[in-house]
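Understanding the architecture of this molecule
Each chain, letter by letter, is given below.
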Amino acid sequence: KTLGCTVHGVDQGIDTGPILGFGQLPRAPDRSLFWHISQIYLSGLPVIVDHVEALRNGGAPDGTPQPKEGGNYYKFPTADDFARFRREAGDLVTARDYADILSLAYADRSAQ
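Quick caveat: nothing in here was measured; it's all calculated off a predicted structure.

Looking at helix 1 (residues 33–43)
Looking at helix 1, one finds that the buried residues are Leu33, Trp35, His36, Ser38, Gln39, Ile40 and Ser43. Buried positions along helix 1 lie against strand 1 (2–8), strand 2 (19–26), helix 2 (45–56), helix 3 (79–88) and helix 4 (95–105).

Following this line, the structure appears as structure tokens:
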């Protein structure tokens with residue numbers, strides 16, 4: 001029902017740095033996997049912006065240590081994972097979702 005991302009500091013490992021925050025996104029049944037992935041990344045941006053502001057003001061990122069040694073690294077989905085997603089959740093990508101994401105990437109921001 002809810003998807004999310006973890007924003008964490010970077011250290012020597014893979015996904016082992018301190019947790020800086022979380023982004024969340026409610027699942028939209030009428031949207032594709034492609035759209036959800038793009039929105040998950042966008043949901044983490046406010047966390048990043050807050051930490052950049054703290055650095056700009058002379059602070060340091062305030063993170064929480066990972067709950068277990070080595071962090072949680074999730075591998076990329078396999079062909080079977082994608083097939084299961086299509087059966088259970090819907091399309092991997094649609095023309096509508098692709099166009100929506102492109103419109104964000106190429107939006108005219110000069111008026112802002």
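Let us keep going from here.
So, the nonpolar core
Formed by Cys5, Val7, Leu20, Leu25, Ile40 and Val47, the largest nonpolar core amounts to six residues. Only strand 1 and strand 2 provide two or more residues apiece to this core. The residues touching Ile40, leaving out its near neighbours within four places in the chain, are Leu3, Gly4, Cys5 and Leu25.

Thoughts on the layout of surface pockets
Unfilled space is identified by rolling a water-sized probe across the atoms. Roughly 160 Å³ of volume is contained in the second largest pocket. Considering the residues around the second largest pocket, the lining is formed by Leu33, Pro77, Asp81, Phe82, Arg84, Phe85, Glu88 and Ala89. No other element matches helix 3, which puts five residues into the lining of the second largest pocket. Residue composition of the lining of the second largest pocket, grouped by class: five nonpolar, no polar and three charged.

Regarding the packing of aromatic side chains
Inspection of every chain in the model, using the stated rule, returns one aromatic pair. Where Phe34 meets Tyr98, the ring centres are 5.9 Å apart and the plane angle is 35°; that geometry is what we call tilted. Here Phe34 is found in helix 1, whereas its partner Tyr98 is found in helix 4, with 64 residues between them in sequence.

Brief notes about the packing of helix 1 against helix 4
Close contact between helix 1 and helix 4 brings their axes to 9 Å; oriented N to C, the two are set at 30°. On the basis of their axis angle, the class for helix 1 and helix 4 is roughly parallel. The crossing of helix 1 and helix 4 is left-handed. The residues of helix 4 that touch helix 1, namely those facing Phe34, Trp35, Ser38, Gln39 and Leu42, are Asp97, Tyr98, Ile101 and Leu104. Grouping the constituent residues of the contact of helix 1 with helix 4 by class yields six nonpolar, two polar and one charged.

Describing the pattern of salt bridges
Applying the stated criterion to the full structure yields five salt bridges. With a shortest N-O distance of 2.4 Å, Asp97 and Arg31 are connected by a salt bridge. Placement of the pair is Asp97 in helix 4 and Arg31 in the loop between strand 2 and helix 1, with a sequence separation of 66 residues. Across this residue pair, the class does not change: Asp97 and Arg31 are buried. Within this structure, Arg31, Asp97 and Asp100 form a network of salt bridges that share partners.

What counts and how
- Residues numbered from 1 in each chain as written.
- Predicted model: local features only at pLDDT ≥ 70, side-chain atom pairs only at ≥ 80, totals over all residues.
- Heavy atoms only, no water.
- Buried < 20%, exposed > 50% of the residue type's maximum accessible area, 1.4 Å probe, protein only.
- Helix = DSSP H or I, 4+ residues; strand = E, 2+ residues; numbered from the N terminus.
- Contact = heavy atoms within 4.5 Å.
- Core = buried A, V, L, I, M, F, W, Y, C linked by side-chain atoms within 4.5 Å.
- 1 Å grid on protein atoms, 1.4 Å probe; cavity = no way out; pocket = protein on both sides within 12 Å on 5 of 7 lines; lining within 4 Å.
- Points joined across faces, edges and corners; volume = space filled by probe spheres on them.
- Nonpolar A, V, L, I, M, F, W, Y, C, P; charged D, E, K, R; others polar.
- Phe/Tyr/Trp six-rings, centres within 6.5 Å; stacked < 30°, edge-to-face > 60°.
- Axes fitted to C-alpha atoms, helices over the stretch in contact; angles between N-to-C directions.
- Parallel < 35°, antiparallel > 145°, perpendicular 65-115°, else oblique.
- Left-handed = near helix turned anticlockwise from the far one by under 90°.
- Salt bridge = Lys/Arg side-chain N within 4 Å of Asp/Glu carboxyl O.

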